[in-house]
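# Structural overview
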Amino acid sequence: MRINGQDFQTIWLDADGRRVHVIDQTRLPHRFETSTLATMDDAAKAIRDMIVRGAPLIGVTGAYGLALAAAADPADAAIAAACETLLATRPTAVNLRWALDRVQALLLSAAPAERAALAYAEAGRIADEDVACCAAIGDHGAALIRAAAERRRGEPVNILTHCNAGWLATVDWGTALAPIYKAARAGAPLHVWVDETRPRNQGASLTAFELLSEGVPHTVIADNAGGHLMQHGLVDLVIVGTDRTTRSGDVCNKIGTYLKALAAHDNGVPFYVALPSSTIDWRIADGVAEIPIEERGPREVTHISGRTAEGAVAEVQVTPEGSPARNWAFDVTPGRYVTGLITERGVCAATESGLSELFPDLAG
Ligand SMILES: CSC[C@H]1O[C@H](OP(=O)(O)O)[C@H](O)[C@@H]1O
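Residues numbered from 1 in each chain as written. Predicted model: local features only at pLDDT ≥ 70, side-chain atom pairs only at ≥ 80, totals over all residues. Heavy atoms only, no water.

Sheet architecture is open: seven strands sit in the order β8-β7-β6-β9-β12-β19-β20, paired in mixed fashion. Lying at the two open borders of the sheet, with one neighbouring strand each, are β8 (218-221) and β20 (346-348). On average, adjacent strands in this sheet sit at an angle of 25° to one another, irrespective of strand direction. Of the pairings in the sheet, the one linking strand β6 (residues 157-161) to strand β7 (residues 190-195) comprises five bridges and is parallel in character. Within β7, the position partnered with T161 by the bridge is V194. The sheet strands contacting helix α6 (residues 178-185) are β6, β7 and β9 (237-240), and the helix crosses β7 at an angle near 155°. Sheet strands touched by helix α9 (residues 257-267): β6, β7, β9 and β12 (271-274). Its angle to β12, the strand with the most contacts, is close to 145°. (Pairing = 2+ DSSP bridges. Helix = DSSP H or I, 4+ residues; strand = E, 2+ residues; numbered from the N terminus. Axes fitted to C-alpha atoms, helices over the stretch in contact; angles between N-to-C directions. Contact = heavy atoms within 4.5 Å.)

Evaluation of the coordinates by the stated rule reveals four aromatic pairs. Their ring planes at 50° and their centres at 6.4 Å tell us that Y64 and Y120 sit as a pair that is tilted. Taken as a pair, Y64 in helix α2 (residues 55-72) and Y120 in helix α5 (residues 112-151) lie far apart in primary sequence, 56 residues in all. Exposure remark for Y120: the relative accessible area of 6% places this residue in the buried category. Between Y258 and Y337, the aromatic rings sit 6.5 Å apart at their centres with planes inclined by 55°, giving tilted as the arrangement. Placement of the pair is Y258 in helix α9 and Y337 in the loop between β18 (330-333) and β19 (340-343), with a sequence separation of 79 residues. The exposure class of Y258 is partly exposed, given its relative accessible area of 30%. A relative accessible area of 16% places Y337 in the buried class. Here the basic side chain of K182 rests over the ring of W173, its NZ or CZ set 4.3 Å away from the ring centre. If you follow K254 out to its NZ or CZ, it ends over the ring of F330, 4.1 Å from the centre. (Phe/Tyr/Trp six-rings, centres within 6.5 Å; stacked < 30°, edge-to-face > 60°. Buried < 20%, exposed > 50% of the residue type's maximum accessible area, 1.4 Å probe, protein only. Lys NZ or Arg CZ within 6 Å of the ring centre and 35° of its normal.)

Our next topic: the pairing of strand β4 (residues 20-23). Alternating residues of β4 divide into V20 and V22 and H21 and I23, and every residue in both groups is buried. Across three bridges, strand β3 (residues 11-13) lies against β4 in antiparallel orientation. Among the inter-strand pairings, I11 is bridged to a residue of β4, identified as V22. Here β3 folds back onto β4, and the loop between the two strands holds six residues, one of which, G17, carries a positive phi near 70°. Relative to strand β5 (residues 34-37), β4 runs antiparallel, the two sharing four bridges. By the bridge assignment for β5, V20 is matched with L37.

By size, the foremost hydrophobic cluster in this structure holds 79 residues, and its most contacted members are I180, L190 and I239. Per-domain counts for this core show at least three residues from each of domain 1 (2-129) and domain 2 (139-363). If sequence neighbours within four positions are ignored, L190 has contacts with I145, P156, V157, I159, I180, A183, A184, V216 and P217. Counting 25 residues, the second-largest nonpolar core is a separate cluster that includes L160, V238, A261 and C348. (Core = buried A, V, L, I, M, F, W, Y, C linked by side-chain atoms within 4.5 Å. Domains from an automatic or database assignment.)

In structure tokens, the structure reads:
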């Protein structure tokens with residue numbers, strides 16, 4: 001996507017085809033900085049510290065992390081150890097395991113001397129596939145927005161989104177925001193309610209940054225305002241992303257998504273989830289019982305960072321010293337609250353039959 005007229009993706013190789021560069025998302029929106037990943041440990045740290053985040057981008061970064069590992073030591077044991085280190089960074093987004101399994105399977109069937117080149121090439125294919133998938137998600141989702149615009153007889157379609165499932169969460173285009181970009185570029189009148197998304201505020205800092213750069217009308221709101229807006233007819237549809245969706249359509253996404261789905265259900269607001277098939281975990285059905293929910297450190301709750309009036313980036317404490325805090329990063333929305341899944345192959349019901357009809361080759 002474009003920032004100040006310059007085209008960017010979130011991850012790229014440098015000229016020597018070995019070192020990996022990423023946008024440091026912990027510095028946005030106030031600083032645009034990049035980070036260089038020269039080793040597998042650099043890649044693991046970038047995922048763990050959320051320099052890169054978002055399920056598809058975590059998967060691609062993990063794949064390049066494995067390529068960096070193979071370049072350092074292509075032996076079976078070193079590849080296996082690297083996979084374990086990368087998998088241990090963040091447990092919820094299934095794309096990480098999906099990408100590592102795909103690259104590792106390729107490497108273990110190749111001669112050690114060929115492994116680094118194979119890994120870089122496969123990581124590049126995963127990245128290119130992600131761009132194509134997200135563009136297709138955008139096309140399928142844009143049709144839903146255009147239909148809503150027709151019902152609105154030219155009035156802007158009000159779309160609520162939670163967290164950041166834009167191009168910063170993928171290699172390009174995004175998932176939940178891809179339909180918005182495609183529809184807006186085609187002239188559909190729309191406006192986006194941007195949930196700030198406590199505690200890390202990916203909505204306030206990343207989604208707002210993306211929409212401002214793209215010139216999409218939007219309003220940042222407190223997480224707790226969504227239900228009120230829905231009760232007053234100010235939300236025409238909800239589109240969010242996901243970090244792991246089960247074969248039965250249960251959707252794991254940023255903490256707070258479940259509450260938005262309940263409010264949407266209570267107010268008859270269509271609730272869509274946008275995802276590439278790489279985010280579907282075909283091994284499990286019951287998301288509430290089986291998806292591991294990452295719990296991050298309490299400091300993300302007790303402290304908040306931002307820019308001071310003088311332009312410095314600072315962190316301040318919002319809780320009294322001594323008050324304990326806990327920080328669950330995701331929750332699970334049962335498929336019964338999901339109107340539809342917007343995938344690269346089209347829109348389907350958030351059910352086992354809906355997904356298996358669209359992906360018979362993957363459903364097993
Ligand atoms: C397209 S995946 C976006 C997904 O990832 C975010 O989580 P995090 O920022 O912690 O990686 C959030 O759940 C988004 O919906």
